[in-house]
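The residues making up each chain are set out below.
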Amino acid sequence: MQWQEYVDEVLVTKEALQTRIAELGAQISQDYQGQDLLLVCVLKGGVMFLTDLMRQISIPHAIDFMAVSSYGTGVRDSTGIVRILMDLGADIRERNVLIVEDIIDTGHTLDYILRLLRTRNPASLRICCLLDKSSRREVPIGVDYVGFTIPDEFVFGYGLDLDELYRDLPLVATLKPELYDQFIEQETD
Ligand code: PRP
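So, here is what we can say about the structure in this document. (Residues numbered from 1 in each chain as written. Predicted model: local features only at pLDDT ≥ 70, side-chain atom pairs only at ≥ 80, totals over all residues. Heavy atoms only, no water.)

Attention shifts here to the overall build of the protein chain. Within the protein chain, the secondary structure is distributed over four helices and nine strands. Counting helices and strands in the order they occur from the N terminus, the protein chain gives β-α-β-α-β-β-β-α-β-β-β-β-α. Computed over the C-alpha atoms, the radius of gyration of the protein chain is 16 Å, within 12% of the 16 Å expected from 2.2 N^0.38 for a compact globule of 189 residues. Principal axes of the C-alpha set define a box for the protein chain whose edges measure 50 × 40 × 25 Å. The buried share of the protein chain, reckoned over its 189 residues, is 48%. Accessible surface for the protein chain amounts to roughly 9,200 Å². Of this, 48% is attributable to carbon and sulfur atoms. (Helix = DSSP H or I, 4+ residues; strand = E, 2+ residues; numbered from the N terminus. Rg over C-alpha atoms; globule rule 2.2 N^0.38 Å. Buried < 20%, exposed > 50% of the residue type's maximum accessible area, 1.4 Å probe, protein only. Areas by Shrake-Rupley, 256 points an atom, 1.4 Å probe, with all protein chains shown as cover.)

Next up, the structure:
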């Protein structure tokens, strides 16, 4: 099946993504002007956003990666349980850390990451998130930079996967409702 056959609608076009990412990059460049900056990308979903965002940041900055997992393959709803799969390489003490995420949903993942990274005494710790499903929030999270606030729909593309595929798409699309059963396992408790 071609990826187009999974698409209900294109929620955020390639052009809209790139325009907004340029705005975010300009804002971040201004806010951190003259300061140290370390972008921390949360894998895997954040990788497309990171690579485009860093090309729009005009001040010197470093990057690092961490991987956490809250969902199993095919499981949409967060359990609230977060596992750390890969930790940062960098020591973040006294550094200005900006977390780069693709999507915030319930907030459990970022809540966990924030609590973990705060214990390492960074100079500052902020969040830049491309997509915010704010209506789904279970834990309050202050997001410093938001790309787009989106409705509670199953989205894929631009870092977000359909069972690990289609992260490479340059746009964000919603999944056809008739295909939900194929990709979404509801929590069974
Ligand atoms: C997604 C996303 C966030 C998290 C958000 O990652 O990248 O890390 O879920 O959900 P929450 O706010 O409900 O915690 P996912 O676990 O799907 O991993 P992936 O990025 O490797 O696809």
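This next bit is on unusual backbone geometry. Here Leu-43 and Lys-44 are connected by a cis peptide whose omega angle stands at -5°. A positive phi is found at Glu-94, a non-glycine position, where the angle reads about 65°. Mapped onto the elements, Glu-94 comes out in the loop between β4 (83-86) and β5 (96-104). The backbone of Asn-121 sits at a positive phi, close to 55°, despite the residue not being glycine.

Direction vectors running N to C along helix α1 (residues 14-31) and helix α2 (residues 47-54) enclose 60°, while the axes themselves pass 9 Å from each other. Of the possible angle classes, the one that applies to α1 and α2 is oblique. Our pair here, α1 against α2, has a crossing hand that is right-handed. Where α1 abuts α2, its residues Gln-18, Ile-21, Leu-24, Gly-25 and Ile-28 lie against Phe-49, Asp-52 and Leu-53. Taken together, the residues of the contact of α1 with α2 break down into five nonpolar, two polar and one charged. (Axes fitted to C-alpha atoms, helices over the stretch in contact; angles between N-to-C directions. Parallel < 35°, antiparallel > 145°, perpendicular 65-115°, else oblique. Left-handed = near helix turned anticlockwise from the far one by under 90°. Contact = heavy atoms within 4.5 Å. Nonpolar A, V, L, I, M, F, W, Y, C, P; charged D, E, K, R; others polar.)

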